[in-house]
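Summary of the model geometry
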Amino acid sequence: MNLSCQSCGAQLVVAGNHRTTTCPYCAAPSVVERPPTPDRPAPTFGLGFVQTPQKARELARENLLRRSFWAPSSVRNASVEELRGIYVPAWLYSGLAESDFSASIGENYTETETYTTTENGKTVTKTRQVTKTEWTSLHGRHTEYVPDVLVTASSGLPNDELEQIEPFDLRALRRYDDALVAGWISEDPSLPQEQCLQQARAEVTTLLRKRLSAFMPGDSHRNLEYSTRFHQESLVVCLLPVWVLALRHDPQSPPLRFLVNGQTGKVHGRVPTSWVKVAIAVLLVLLVLGGLYLLLFHGQTLPRGRGR
Ligand SMILES: [Zn+2]
């Protein structure tokens, strides 16, 4: 059965007998049926769940919800029964990145410098070794094959959140078949492929700055600039096992989302701060300080005052 979230746009696929009424990504209550469309690419690869539901719930409870003392009690004590295993669609990108670069390369050399100083009231001339850098400009081309960049294909799970539970061990990747997702919720890609491609290229471009920096000769370099062209790109849909807990603890704010990597158990989630708890703690500290002040100062000054 195909369902669509009105709130975050996720395109959910659930077993025919298993009709979800709330969105696992954003806890929106209105998930409606949509007709299947032929233009959504079928997954090519998938990774299986390794973490059991019990283990995932334990990780979510101990490492996410209970972790922060300052979290609102409604979040700390939230039920992890709503934690759901989802096959999240992602694009697996690989490509050949060809970069034209330019940089200033610094070569260090030492020079003997003559200087004058005052010693015992006399002016003396001395020498010392100083390190100097000679800068030359370098232009060149760097070609590198960049494999296995994952970017989200789900409008329910932003890429920066997916990155927080990466890496996945892609050695366990296998060809997709329906048996993989049987009994689970899975999602069809809900972000445009072109947008995901740009995202993947942007990730590669960021990565290349590190690679090019390491590639530069000389003792140091500056003004590194590069432009990259992409060739032999491949982009396939891959289903990733993720446990998701979406909480709407406050109707005014966006849902809280807690993630557990279904393969490695890595957790991610931002726990909000309860300002009521903070205010109570501040008040308590002030009361204790006030009490100490009264004890120490009045306790000492009063008898002296009486003595006068
Ligand atoms: Zn949703």
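As annotated in an unreviewed UniProt entry, the protein chain carries the name Primosomal protein N' (Replication factor Y)-superfamily II helicase and is attributed to Hyalangium minutum.

**Thoughts on the overall build of the protein chain**
Of regular secondary structure, the protein chain possesses six helices and 11 strands. A principal-axis box enclosing the C-alpha atoms of the protein chain has dimensions of 100 × 85 × 30 Å. Expressed as a percentage of the 308 residues in the protein chain, the buried residues total 38%. Only carbon and sulfur atoms are counted for the fraction: they give 53% of the accessible area of the protein chain, which is about 17,500 Å².

**Describing the coordination of the zinc ion**
Ideal values differ by geometry: the angle at a metal is 109.5 degrees with four tetrahedral donors, but 90 or 180 degrees with six octahedral donors. Summarising the metal site, the zinc ion is bound by the protein donors Cys-5 (SG), Cys-8 (SG), Cys-23 (SG) and Cys-26 (SG), whose distances to it range over 2.3 to 2.4 Å. Considering all four donor atoms around the zinc ion, the spread of angles at the metal, 105 to 113°, places the coordination shape in the tetrahedral class. All donors of the zinc ion belong to a single chain; written as a sequence motif, their spacing is C-x2-C-x14-C-x2-C. Of this pair, Cys-5 sits in strand 1 (residues 2–5) while Cys-23 sits in the loop between strand 2 (11–13) and strand 3 (31–33), and the two are 18 residues apart along the sequence.

**Details of the pattern of salt bridges**
A side chain with one charge may pair with a side chain of the opposite charge, provided their charged atoms come close. Tallied over the entire structure, the rule returns 14 salt bridges. The salt bridge involving Lys-55 is made with Glu-58; its shortest N-O contact spans 3.9 Å. Highlighted residues: Lys-55 and Glu-58, both in helix 1 (residues 53–65), separated by three residues, approximately one helical turn. In this structure, the salt-bridge partner of Asp-169 is Arg-171, at a minimum N-O distance of 2.9 Å. Salt bridges sharing partners connect three or more residues here, namely Glu-98, Asp-100, Arg-141 and Arg-229.

**Observations regarding the pairing of strand 9 (residues 220–247)**
In the sheet, strand 4 (residues 45–46) pairs with strand 9 via two bridges, with the strands oriented parallel. When the bridges of strand 9 are listed, Gly-46 appears paired with Leu-239. Alignment of strand 9 against strand 10 (residues 256–261), held across six bridges, turns out to be antiparallel. In the sheet register, Trp-243 faces strand 10, and the bridge partner there is Val-260.

**Here we look at the nonpolar core**
One finds Cys-5, Cys-23, Tyr-25, Phe-168, Leu-240 and Val-242 to be the most contacted residues of the largest nonpolar core, which totals 28 residues. For this core, the secondary-structure elements that each account for two or more residues are strand 1, strand 5 (84–119) and strand 9. Ignoring anything within four residues of it in the chain, the contact list for Val-242 reads Phe-49, Arg-84, Gly-85, Ile-86, Val-88, Ile-165, Phe-168, Leu-259, Val-260 and Gly-262.

**Topic: helix 1**
For helix 1, the set of buried residues is Ala-56, Leu-59, Ala-60, Leu-64 and Leu-65. Buried residues in helix 1, looked at end-on, bunch into an arc of 145°, giving them a common side.

**What about unusual backbone geometry?**
In this model, Glu-166 is joined to Pro-167 through a cis peptide bond whose omega is 5°. With respect to the element layout, Pro-167 can be found in the loop between helix 3 (159–164) and strand 7 (174–175). Although it is not a glycine, Asn-120 sits at a positive phi angle of roughly 50°. Here Asn-120 lies in the loop between strand 5 and strand 6 (122–152). A residue is classified by how much of its surface remains accessible, and Asn-120, at 83% relative accessible area, is exposed.

**Description of the confidence of the model for the protein chain**
Detailed reading of the predicted model is not advised wherever pLDDT is low. When pLDDT is averaged across the protein chain, the result is 87; 93% of the residues are at 70 or more. When pLDDT is averaged over each element of the protein chain, helix 3 comes out on top at 95 and strand 3 at the bottom at 74.

**Here's the deal with the environment of Leu-197**
Looking at the element boundaries, Leu-197 is found in helix 5 (residues 193–215). Look at Leu-197 and you get buried, because its relative accessible area is 14%. For the pair Leu-197 and Leu-235, spaced 38 residues apart in the sequence, the C-alpha separation amounts to 7.7 Å. The residues touching Leu-197, leaving out its near neighbours within four places in the chain, are Tyr-93, Glu-233 and Leu-235.

**What to know about the environment of Asp-177**
Along the polypeptide, Asp-177 turns up in the loop between strand 7 and helix 4 (178–181). It is 26 Å that separates the C-alpha atoms of Asp-177 and Leu-245, two residues lying 68 residues apart in sequence.

**Remarks on the UniProt feature "transmembrane region" (unreviewed entry) in the protein chain**
Following the UniProt record, the feature "transmembrane region" (unreviewed entry) maps to residues 275–296 here. As a span, residues 275–296 carries 100% helix and 0% strand, and end to end its C-alpha atoms are 31 Å apart.

**Some points on a nonpolar patch on the surface**
On the surface, Val-282, Leu-283, Val-285, Leu-286, Val-288, Leu-289, Leu-292, Tyr-293, Leu-294, Leu-295, Leu-296 and Phe-297 cluster together into a nonpolar patch covering about 1,200 Å² of accessible area. With respect to the secondary-structure elements, Val-285 resides in helix 6 (residues 275–307).

**A few points about the packing of aromatic side chains**
Per the counting criterion, the structure on display carries six aromatic pairs. When the ring of Tyr-87 is compared with that of Trp-184, the centres are 6.0 Å apart and the planes differ by 80°; the resulting orientation is edge-to-face. Within this pair, whereas Tyr-87 is found in strand 5, its partner Trp-184 is found in the loop between helix 4 and strand 8 (185–188), the two being separated by 97 residues in sequence. A residue is classified by how much of its surface remains accessible, and Tyr-87, at 2% relative accessible area, is buried. In textbook terms, an aromatic cluster arises when at least three aromatic residues are bridged by ring pairs, as seen for Phe-49, Tyr-87, Trp-184 and Trp-243. It is Arg-128 that lies over the ring of Tyr-115; its NZ or CZ is 4.1 Å from the centre. Across the ring face of Trp-135, the terminal group of Arg-222 is positioned such that the distance to the ring centre comes to 3.8 Å.

Reading the values: rules and limits
- Residues numbered from 1 in each chain as written.
- Predicted model: local features only at pLDDT ≥ 70, side-chain atom pairs only at ≥ 80, totals over all residues.
- Heavy atoms only, no water.
- Helix = DSSP H or I, 4+ residues; strand = E, 2+ residues; numbered from the N terminus.
- Buried < 20%, exposed > 50% of the residue type's maximum accessible area, 1.4 Å probe, protein only.
- Areas by Shrake-Rupley, 256 points an atom, 1.4 Å probe, with all protein chains shown as cover.
- Donors = N, O, S within 2.8 Å, 3.2 Å for Na, K, Ca; no water.
- Tetrahedral: all angles 85-135°; square planar, octahedral: opposite > 155°, others 65-115°.
- Salt bridge = Lys/Arg side-chain N within 4 Å of Asp/Glu carboxyl O.
- Pairing = 2+ DSSP bridges.
- Core = buried A, V, L, I, M, F, W, Y, C linked by side-chain atoms within 4.5 Å.
- Contact = heavy atoms within 4.5 Å.
- Arc of directions from axis to C-beta.
- pLDDT = per-residue confidence, 0-100.
- UniProt positions renumbered as here; feature names shortened; annotations may be inferred.
- Patch = residues over 30% accessible without salt bridge, like charges linked within 9 Å, V, L, I, M, F, W, Y side chains within 5 Å.
- Phe/Tyr/Trp six-rings, centres within 6.5 Å; stacked < 30°, edge-to-face > 60°.
- Lys NZ or Arg CZ within 6 Å of the ring centre and 35° of its normal.

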